[in-house]
Amino acid sequence: MNFRSVPSQCLPNQRGNSTTLIIIGGGPAGVAILFYLSLFSEKLRGMTIVLFERKSVVGPGSPHGDPSDCLLVNMVLAAHTVHPFNPLHFVNWLYLKYGWTSDDPVPRKWFGQYLSECHLEAVERLRSNGVAVEIIFKEVVSLQQGQPEGQITVHSSDGLSFLADFLVLALGHQQPAIPTELFSKEINHV
Ligand SMILES: Cc1cc2nc3c(=O)[nH]c(=O)nc-3n(C[C@H](O)[C@H](O)[C@H](O)COP(=O)(O)OP(=O)(O)OC[C@H]3O[C@@H](n4cnc5c(N)ncnc54)[C@H](O)[C@@H]3O)c2cc1C
C-alpha cells in the first residue's frame, strides 16, 4: 500500500454524520476485530463499519486458505480462537462441524472456514443491532490523513474514496520471498 499523500477526490461513499470505522484486511486479525466489536454491537448502533479485503473471501488470510489437508495448524487448539471470552470457541466449532474431539492438529483450512463463519456471524449480529456493515472486496491502495477535519480518506483500487473516523490496519505481512537485494550484481550471492 502507498501511504503517500494523494490529491483530494470526491467522496461518493461518505455517509451523513455516522461514525465510520474502516478495517483494512479480512484475515484472522480483521475478523477478530469485527467479531469483538459485534459482541458490543448494541452500543455501536448507528455506526458504520467497512471492511476491505483484496481477496475474494474474508477469513483465511495468508496461511489458512490452502486447500491441502497436509498443512496443519501449529497452535494449541484451545488457544486458537477469535472469541475474546471463550478460549474453546474454535474447539467447540470443530466438534459441531467435524465431530472432532482430539487435541491433534487440524488442517489450516478448517481454521480458515471457522474464521469465515465467524465473520458472517459477526456481520449478522452487528446488522441486527443497527450497525451498518459493508464488506468490500477491493484492495486499498492509498490513505490520506487529516482531510477533512482529522478523518482519513481511504482509496480503493477501483478509484473510489471512503472517509474513516477510525482506521484499523489488519494487513498481515508479505508472502515469504528472497529479498530482491540478494539478486543484485554487487552482492552476487544468495
Ligand atoms: C505461509 C504462512 C504460514 C503461517 N502459518 C501460521 C500458523 O500455522 N500459525 C500461526 O499462528 N501463524 C501462521 N502464520 C503467521 C500468520 O500470518 C498469522 O498468524 C496470521 O495470518 C495473521 O493474520 P493477519 O490477519 O494479521 O494477517 P493475514 O493472514 O496476512 O491477513 C491479512 C489480510 O489482509 C488483506 N490485505 C492486505 N493488504 C490489503 C490491502 N491493501 N487492501 C485490502 N486487503 C488487504 C490480505 O489479502 C489478507 O487477507 C503463517 C504465515 C504464513 C505466510
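The paragraphs below set out a description of the structure included in this document. (Residues numbered from 1 in each chain as written. Predicted model: local features only at pLDDT ≥ 70, side-chain atom pairs only at ≥ 80, totals over all residues.)

1. Some remarks on the sheet that holds strand 3 (residues 132-136)
Phase 1: Taken in spatial order, the 4 strands line up as 3-2-1-7 in an open sheet, and their pairing is parallel. The open sheet has two edge strands with one neighbour each: strand 3 and strand 7 (166-169). Ignoring strand direction, the axes of neighbouring strands in this sheet form an average angle of 15°.
Phase 2: Relative to strand 2 (residues 48-52), strand 1 (residues 20-24) is paired through 5 bridges, and the arrangement is parallel. Pairing of Leu21 across the sheet is with Ile49, part of strand 2. (Pairing = 2+ DSSP bridges. Helix = DSSP H or I, 4+ residues; strand = E, 2+ residues; numbered from the N terminus. Axes fitted to C-alpha atoms, helices over the stretch in contact; angles between N-to-C directions.)

2. Side note on helix 3 (residues 108-128)
Phase 1: Under the 1.5 Å per step criterion, the end-to-end length of helix 3 is 31 Å for 21 residues, consistent within 8% with the ideal 30 Å.
Phase 2: Residues of helix 3 that are buried sit in contact with helix 1 (28-38), strand 2, helix 2 (89-98) and strand 3. (Expected span 1.5 Å × (residues − 1). Contact = placed C-beta atoms within 7 Å.)

3. Concerning the environment of Gly146
Phase 1: Along the polypeptide, Gly146 turns up in the loop between strand 4 (140-145) and strand 5 (152-156).
Phase 2: Along the backbone, Gly146 and Asp165 are 19 residues apart, and their C-alpha atoms lie at a distance of 10.0 Å.

4. Structural notes on the packing of helix 1 against helix 3
Phase 1: One way to put it is that helix 1 packs onto helix 3 with a least axis distance of 9 Å and a crossing angle of 35°. Handedness of the crossing formed by helix 1 with helix 3: left-handed. For the pair helix 1 and helix 3, the contacting residues are Pro28, Val31, Leu34, Phe35, Leu37 and Ser38 in the first and Leu115, Cys118, His119, Ala122, Arg125 and Leu126 in the second. (Left-handed = near helix turned anticlockwise from the far one by under 90°.)

5. Re the sheet that holds strand 6 (residues 161-164)
Strand pairing in a sheet is mediated by backbone hydrogen bonds. Such pairs are either parallel or antiparallel.
Phase 1: Taking strand neighbours across the sheet as the criterion, the 3 strands line up as 4-5-6 in an open arrangement whose pairing is antiparallel. Edge positions in the sheet fall to strand 4 and strand 6, since each of these pairs with one other strand and no more. Geometrically, the sheet is characterised by an average inter-axis angle of 25° between neighbouring strands, direction not taken into account.

6. Some details on the nonpolar core
Phase 1: By size, the foremost hydrophobic cluster in this structure holds 34 residues, and its most contacted members are Ile22, Ile23 and Ile49.
Phase 2: Sorting the residues of this core by element identifies strand 1, helix 1, strand 2, helix 2, helix 3, strand 3, strand 4 and strand 6 as the ones contributing at least two each.
Phase 3: The element that contributes the greatest number of residues to this core is helix 3, accounting for 7 residues.
Phase 4: Not counting chain neighbours up to four residues away, the residues in contact with Ile22 comprise Val50, Val154, Phe162, Ala164 and Leu167. (Core = buried A, V, L, I, M, F, W, Y, C linked by C-beta atoms within 7 Å. Buried ≥ 20, exposed ≤ 12 C-beta atoms within 10 Å, placed from the backbone.)

7. With respect to the environment of Gly26
Phase 1: Residue position: Gly26 is located in the loop between strand 1 and helix 1.
Phase 2: For Gly26, a count of 26 C-beta atoms within 10 Å translates into the label buried.
Phase 3: In sequence terms Gly26 and Phe137 are 111 residues apart; their C-alpha atoms lie 9.3 Å from each other.
Phase 4: Sequence-distant contacts of Gly26, defined by excluding residues within four places in its chain, comprise Val31, Leu51, Glu53, Val58, Gly59 and His119.

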